[in-house]
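Topology and contacts: notes
Below, each chain spelled out in residue letters.
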Amino acid sequence: MTAVTDQDHTEHPERFDRPDAEAGSPGAQEAKDEYGDEGGDGYGDDEHGGDRGGGPSEGPASQAPWDDGLIARRGTGTAGTGTAGIERSTVLEARKPAPQTVTPLTYDPPLLSRLDALHELVGLSRARLDNRTLAGASRVLDAAAARRRLSGQHTVVAIAGATGSGKSQLFNALAGVAISETGVRRPTTAAPVACSWSDGAASLIERLGIPPRLRRRPLQAMADADDQLRGLVLVDLPDHDSAAVQHREQVDRVLAMVDAVIWVVDPEKYADAMLHERYLRPMSAHAEVMFVVLNQIDRLPGEAAEQVLDDLRRLLDEDGIALGEYGEPGTTVLALSALTGEGVDELREALGRFVAERGAAGRRIGADVDVAAARLWPVYANRRRAGLSEEAREEFSDRLADAVGAGAAGEAAERAWLRNANRACGTPWLRLWRWCQGRGGPPTGKFPQRTQPDQEVTARQRVEQAVRTVSDRASDGLPAPWAQAVREAAVRGSQGLPETLDALAVRASLPPGRPPRPGWWPVAVLAQASMTILQFVGGLWLLGQIIGFMSPNLGVPVLLMVSGIVGGPLIEWSCRMAARGPARRHGQEAERRLREAAAGCGRARVLDPVAAELLRYREVREQYGRVVGAGAGVN
């Protein structure tokens, strides 16, 4: 049997690239190196017997064109359902790919909304989360974008299985021709092989990294008969438990890009821990795009096949995989024999319905989004509702006010106002005495500015404690990365905050202009001056009587002096009582100015950055809610 690829048919028409090519040719040797030794019968690893000889070559004029760059196949006989009945007399031809119009994949609106939300989520989180955490979500977005640009009329289904499960044999049975090599040598399938049932799938297959020499067509007569499989691209994978590391890597790479998977298990390895723990359990969210096929049931006597199938369903249920047995969405579980053909038609019908829906690619991407969202749950879902409450803000402002001494400053302003009132409304003799006391004694009763080192250290510690408290309360309940971001924002804002508060305290303690004086203050000053004048008048009157300048009359001057002497202190005491209210209001105003200045500084340097981080977290939480489909967010 002769074969040429679409890569080299123009320059080397004599080359072969199939395992069943003529012996001794370069292509036959290349295929043998790629697939391993031929031969074998029984089950082996996807094995089958039969003649591997070639038939006569036919010209391209007798074959309908396959214009997607795949190697075409056409048989001269009728293919059976099993590999024993596969017609081996086939002819391979290749044509140069012709330009095609491919309808790109269209996602439904809910999935588009979730992908947009995931894109926004990744963008908002890059400054807060490391690339390793976001790597899974980024891969999903890249895969969704890449798949969306490709054909929406094709469904890529991979056949995966363990060594000896018969997956390549099932692959050949579905195609109706020996496409994937089978044999007893392990591993037999060394590279993915693709088979497309219709045109326009070349870009999909190229995305999987499958070279043209490993792209095939089913038997043309079967392809025409299997109109229900139109749009199917079937990929035979190497063994997922192969001893060759590169084979397992190819399996993992292709499984991440296909639309659906057919897992082929056999009665001996259907409970293999590697299959369930490494593949089936992590892919439980992809239940709607998976088939699990129990192959080789012809080896099970009596009711053993049903018993094994029931146990397989139990294991799948333990893996968290939903089973679609009664019409509900889930994994399809079938039993068949690729060797005898039993159950193959049932699988073909199920595949036909699955491909005809044209929804596998969207469901696969949706499941990928579910998995990515589940992995991101710890970094977005908070334990409780977090944020900066009014109580926390007020407490932070109070702590800053205490740190700058707002209360003490208010009390000092009140005492200063009282002193000014006493000086203005007091008797001249008392003011003179106090002035002498002030010049001769130590400056008692004065409150120095907070410049001592111990007071500065205490104030700094209070500021740091206030910042720690508000950051802890704001980050309480947040996921670790966002809690750390909130605390870091608070710490950055607190740098230089004590010095800034000191400067604000000095400016805020100085009232704008002279402090306001009550309306009775000038009256009290005038009355106090009148009492002093009475004392002077009475004294002069008595002095005039003593020196004989005036006639003796002690009653009036004595009364004037007594009135002035008693009235002055009485007026001073009355003014002191009346000044308490205005002094208290003046002190409260000074305290309020200092509190507002400290609160404004703390808000600008600490609270606003913390609130910005919390707002960013709310945004990403809302986007995460859209990703998981919660809509209103995640609490």
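Residues numbered from 1 in each chain as written. Predicted model: local features only at pLDDT ≥ 70, side-chain atom pairs only at ≥ 80, totals over all residues. Heavy atoms only, no water.

Time to look at the overall build of the protein chain. When helices and strands are tallied, the protein chain shows 19 helices and nine strands. Counting all 635 residues of the protein chain, 49% fall into the buried class. In the protein chain, 76% of the contacts between residues at least 6 apart in sequence involve partners at least 24 apart. (Helix = DSSP H or I, 4+ residues; strand = E, 2+ residues; numbered from the N terminus. Buried < 20%, exposed > 50% of the residue type's maximum accessible area, 1.4 Å probe, protein only. Contact = heavy atoms within 4.5 Å.)

For the rest of this paragraph, the subject is helix H4 (residues 167-175). Counting buried positions along H4 gives nine out of nine residues, so the element sits mostly inside the fold. Here H4 has its buried residues at Lys 167, Ser 168, Gln 169, Leu 170, Phe 171, Asn 172, Ala 173, Leu 174 and Ala 175.

Take empty space enclosed by the protein next. One water molecule sets the probe size; rolling that probe over the atoms shows where empty space is left. Applying the stated criterion across every chain, the model contains three cavities of 30 Å³ or more. The calculated volume of the largest cavity comes to roughly 60 Å³. Those elements that provide at least two residues to the lining of the largest cavity are helix H3 (131-148) and helix H11 (360-380). The dominant element in the lining of the largest cavity, judged by the number of residues it contributes, is H11, at four residues. For the lining of the largest cavity, the residue count by class is six nonpolar, no polar and five charged. (1 Å grid on protein atoms, 1.4 Å probe; cavity = no way out; pocket = protein on both sides within 12 Å on 5 of 7 lines; lining within 4 Å. Points joined across faces, edges and corners; volume = space filled by probe spheres on them. Nonpolar A, V, L, I, M, F, W, Y, C, P; charged D, E, K, R; others polar.)

Right, let's talk about the side chain of Asp 259 for a bit. Along the chain, the position of Asp 259 falls in the loop between helix H7 (245-255) and strand S7 (260-265). Side chain to side chain, Asp 259 and Arg 147 meet in a polar contact 3.0 Å long. Residues within four places of Asp 259 in sequence aside, it is in contact with Arg 147, His 154, Thr 155, Val 156, Val 289, Ala 360, Ala 361 and Arg 364. (Polar contact = N/O pair within 3.5 Å; in protein donor to acceptor, adjacent residues only side chain to side chain.)

Our next topic: the layout of surface pockets. The computed volume of the second largest pocket comes to approximately 620 Å³. Top element by residues in the lining of the second largest pocket is H3. It accounts for six residues.

Before going further, it helps to spend a moment on the packing of aromatic side chains. Counted under the stated rule, the structure contains six aromatic pairs. Seen from their ring centres, Trp 377 and Tyr 624 are 6.3 Å apart, and the 50 degrees between their planes marks the pair as tilted. A residue pair is termed long-range when its members are at least 10 positions apart, and Trp 377 in helix H11 and Tyr 624 in helix H19 (residues 555-628) qualify at 247 residues. Since its relative accessible area comes to 46%, Trp 377 is described here as partly exposed. Given a relative accessible area of 1%, Tyr 624 falls into the buried group. (Phe/Tyr/Trp six-rings, centres within 6.5 Å; stacked < 30°, edge-to-face > 60°.)

What follows is about the pairing of strand S4 (residues 193-196). Because side chains alternate across S4, one face comprises the buried residues Val 193 and Cys 195, and the other comprises Ala 194 and Ser 196, equally buried. The pairing of S4 with strand S6 (residues 232-236) spans four bridges and is classified as antiparallel. In the strand pairing of S6, Ala 194 is matched with Val 235. Following the chain from S4 across helix H5 (residues 202-207) to the adjacent parallel strand S5 (residues 215-216), one finds a crossover that is right-handed. (Pairing = 2+ DSSP bridges. Right-handed = clockwise from strand over helix to strand, strands pointing away.)

Turning our attention to the side chain of Ser 138. Residue position: Ser 138 is located in helix H3. By relative accessible area, which is 16% here, Ser 138 ends up buried. Apart from residues no more than four positions distant in its own chain, Ser 138 is found in contact with Val 122 and Arg 126.

A word on the pairing of strand S3 (residues 155-161). Of all the seven residues making up S3, seven are buried; the element is thus mostly covered by neighbouring parts of the structure. Burial of the side chains of S3 extends over both faces: Thr 155, Val 157, Ile 159 and Gly 161 are buried on one face and Val 156, Ala 158 and Ala 160 on the other. Pairing of S3 with S6 involves five bridges; the strand directions are parallel. Bridge assignment links Val 157 to a residue of S6, and that residue is Leu 234. Inspection of the sheet shows S3 paired to S7 by five bridges, in the parallel sense. Across the sheet, residue Val 157 finds its bridge partner in S7, namely Ala 260.

On to the environment of Arg 375. Of note, Arg 375 is situated in helix H11. When the C-alpha positions of Arg 375 and Ala 137 are compared, they lie 9.0 Å apart, and in sequence the two are 238 residues distant.

Moving on, we come to the sheet that holds S6. With respect to topology, seven strands assemble into an open sheet ordered S5-S4-S6-S3-S7-S8-S9, the strand pairing being mixed. The strands lining the two open edges of the sheet, one partner per strand, are S5 and strand S9 (332-335). One ladder, built from four bridges, connects strand S8 (residues 290-294) with S9; its direction is parallel. Across the sheet, the residue bridging to Phe 291 is Thr 332, located in S9. Contacts from helix H10 (residues 344-356) reach S3, S6, S7, S8 and S9, with the element oriented near 180 degrees to S8. (Axes fitted to C-alpha atoms, helices over the stretch in contact; angles between N-to-C directions.)

The next thing to look at is H3. In this model, H3 (18 residues) spans 24 Å end to end at C-alpha, consistent with the 26 Å of a helix rising 1.5 Å per residue. Contacts from the buried residues of H3 go to helix H2 (109-125), H5 and H11. Sitting at the head of H3, Asp 130 places a side-chain oxygen 3.1 Å from the backbone nitrogen of Arg 132. (Expected span 1.5 Å × (residues − 1).)

Our focus in this paragraph is the packing of helix H16 (residues 480-494) against H19. Close contact between H16 and H19 brings their axes to 7 Å; oriented N to C, the two are set at 160 degrees. Comparing the axis directions of H16 and H19 gives the class roughly antiparallel. Between H16 and H19 lies a crossing of right-handed hand. Of H19, the residues touching H16 (which contributes Trp 482, Ala 485, Val 486, Ala 489, Ala 490, Gly 493 and Ser 494) are Arg 605, Val 606, Pro 609, Val 610, Glu 613, Leu 614, Arg 616, Tyr 617 and Val 620. Split by residue class, the contact of H16 with H19 holds 11 nonpolar, two polar and three charged. (Parallel < 35°, antiparallel > 145°, perpendicular 65-115°, else oblique. Left-handed = near helix turned anticlockwise from the far one by under 90°.)

A residue-level look at the protein chain finds 72% of positions with pLDDT of 70 or above and a mean pLDDT of 76. Below pLDDT 50 for its whole length, residues 1-67 participates in 162 contacts with residues either more than four positions away or in separate chains. (pLDDT = per-residue confidence, 0-100.)

Let us look at the packing of H2 against H19. One can describe the packing of H2 onto H19 by two numbers: an axis separation of 8 Å at closest approach and a directional angle of 150 degrees. Classified by the interaxial angle, the pair formed by H2 and H19 is roughly antiparallel. Classified by chirality, the crossing of H19 by H2 is left-handed. Where H2 approaches H19, its residues Ser 113, Arg 114, Asp 116, Ala 117, Leu 118, Glu 120, Leu 121, Leu 124 and Ser 125 are matched on the opposing element by Arg 616, Glu 619, Val 620, Gln 623, Tyr 624, Arg 626, Val 627 and Val 628. Partitioning the contact of H2 with H19 into residue classes produces eight nonpolar, three polar and six charged.

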